[in-house]
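# A look at the structure
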Amino acid sequence: MTTFVSLLRGINVGPNTTVKMEDLGMLYRSLGLENIRTYLRSGNVLFDAPDRESDTLATTIEDSLAGATGFPVKVLLRTGEELSRIALDNPFLREKSCNPGALHVTFLSGLPAAGPVGEMYRVRDETDRFIVRGTEIYLCCPQGYGRTKFSNAFFEKRLALVATTRNWKTVTALAEMVKE
């Protein structure tokens, strides 16, 4: 069995995308997934599943969610091991100028191409910074994520990938839940 963390894109952000966490848990159980745990109401679900290709598993969850909710939901999966590495690998943790409350991680649906990543680095911001590492983008947004131009839309448009962002508190909480 492998522990997975599913990061759902775009649920509970408006009146037409509401999903109760209890319903989400039941849906995951109906797929034969085990040890289901949710964190907050923003679409974070941990579960155990037999070793499978995560792309296939994500598609299965997406299809089930669309059928149950009536709207599309993108699912980005990371193994528990991957999420633990992500939590340890944040390059901004070593900088005193970026406190943990300003940190976020944007999770991407795939590995970005080098060309678009290079183009993104040319976009400047006076306070906010990002670093791309594999399928994650680490963000330091001292004035808050709500004020940054480095949003999901910014990354999705430039990389042609689905993106969903979690604040550092959520990332570290999920990494701790993986250990349980």
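Here is a short report on the structure shown in this document.

Parameters at a glance
Within every chain, residues take consecutive numbers counted from 1 along the sequence as written. Where totals are concerned, whole chains, interfaces and linings use all residues; where local detail is concerned, this predicted model gives features only for residues with pLDDT of at least 70, and gives and counts side-chain atom pairs only at 80 or more. Processing note: side-chain calculations cover all non-hydrogen atoms of the structure and skip hydrogens and water entirely. In this text, helices come from DSSP runs of H or I with a minimum length of four residues, and strands from runs of E with a minimum of two, each type numbered from the N-terminal end. To get the radius of gyration, use the C-alpha atoms; to get the globule rule, take the number of residues to the power 0.38 and multiply by 2.2 Å. A carboxyl oxygen of Asp or Glu within 4 Å of a side-chain nitrogen of Lys or Arg is what we treat as a salt bridge. Only protein chains enter the accessibility calculation, which uses a 1.4 Å probe; a residue whose area is less than 20% of its type maximum is buried, one above 50% is exposed, and one in between is partly exposed. Pairing between strands is defined by DSSP: at least two bridges between them are needed. Axis lines are fitted through C-alpha atoms, for helices just across the contact stretch, and the angle between N-to-C directions can take any value from 0 to 180 degrees. Contacts are assigned to residue pairs with any non-hydrogen atoms lying within 4.5 Å of each other. Directions pointing from the helix axis toward each C-beta atom define the arc. Count a disulfide wherever a pair of cysteine sulfur atoms falls within 2.5 Å.

A few words now on the overall build of the protein. Looking only at helices and strands, the protein features 6 helices and 8 strands. Tracing the protein from N to C terminus, the helices and strands come up as β-α-β-β-α-β-α-β-α-β-β-α-β-α. Compactness check: the protein gives a C-alpha radius of gyration of 16 Å against a globular reference of 16 Å for 180 residues, within 12% of the reference. Over its C-alpha atoms, taken along the principal directions, the protein stretches across nearly 45 × 30 × 30 Å.

With that out of the way, let us pick up the pattern of salt bridges. As enumerated under the stated definition, the model contains 9 salt bridges in all. Glutamate 136 serves as the salt-bridge partner of arginine 85, at 3.8 Å between the closest nitrogen and oxygen. Placement of the pair is arginine 85 in helix H3 (residues 80–88) and glutamate 136 in strand E7 (residues 136–140), with a sequence separation of 51 residues. Given the relative accessible area of 41%, arginine 85 is considered partly exposed. Exposure remark for glutamate 136: the relative accessible area of 1% places this residue in the buried category. One salt bridge in this structure joins glutamate 119 and arginine 122, with 2.4 Å as the shortest N-O distance. Shared partners join several salt bridges into a network, and the residues in it are Arg78, Arg85, Asp89, Arg133 and Glu136.

Through backbone hydrogen bonds, the strands of a sheet pair up, either in parallel or in antiparallel fashion. The sheet built from 4 strands is open, its strands ordered E2-E3-E1-E4 with antiparallel pairing. What marks the edges here is a single partner per strand, and that holds for strand E2 (34–39) and strand E4 (74–79). Sheet twist, expressed as the mean angle between neighbouring strand axes with direction ignored, is 25°. Contacts from helix H2 (residues 54–69) reach strand E1 (2–9), strand E3 (44–49) and E4, with the element oriented near 145° to E4.

Our next topic: the pairing of strand E6 (residues 129–133). Only one face of E6 is covered, namely the one carrying Phe130 and Val132; the face carrying Arg129, Ile131 and Arg133 has none of its residues buried. Relative to E7, E6 is paired through 5 bridges, and the arrangement is antiparallel. Its bridge partner lying in E7, phenylalanine 130 is registered against leucine 139.

Of the residues making up helix H5 (residues 152–159), those classed as buried are Asn152, Phe154, Phe155 and Leu159. Viewed end-on, H5 has its buried residues packed into an arc of 165°, placing them on one side of the element. Away from its buried face by more than 90 degrees, H5 exposes Ala153 and Lys157. Structurally, H5 contributes buried residues whose contacts are with E1, strand E5 (103–108), helix H4 (114–120), E6, E7 and strand E8 (163–167). One or two positions beyond H5, positive phi appears at alanine 160, with a value near 55°.

Moving on: the environment of tyrosine 28. Topologically, tyrosine 28 is positioned in helix H1 (residues 21–30). Overall, tyrosine 28 belongs to the buried group, its relative accessible area being 0%. Sequence spacing of tyrosine 28 and phenylalanine 47 is 19 residues, and the spatial spacing of their C-alpha atoms is 8.2 Å. Contact partners of tyrosine 28, with chain neighbours within four places excluded, come to Ser6, Leu8, Leu33, Ile36, Val45, Phe47 and Ile61.

Turning next to the state of the cysteines. Tallied over the full model, the rule gives 1 disulfide. Here cysteine 141 is not cross-linked by a disulfide; its sulfur's nearest cysteine counterpart is in cysteine 140, at 6.7 Å.

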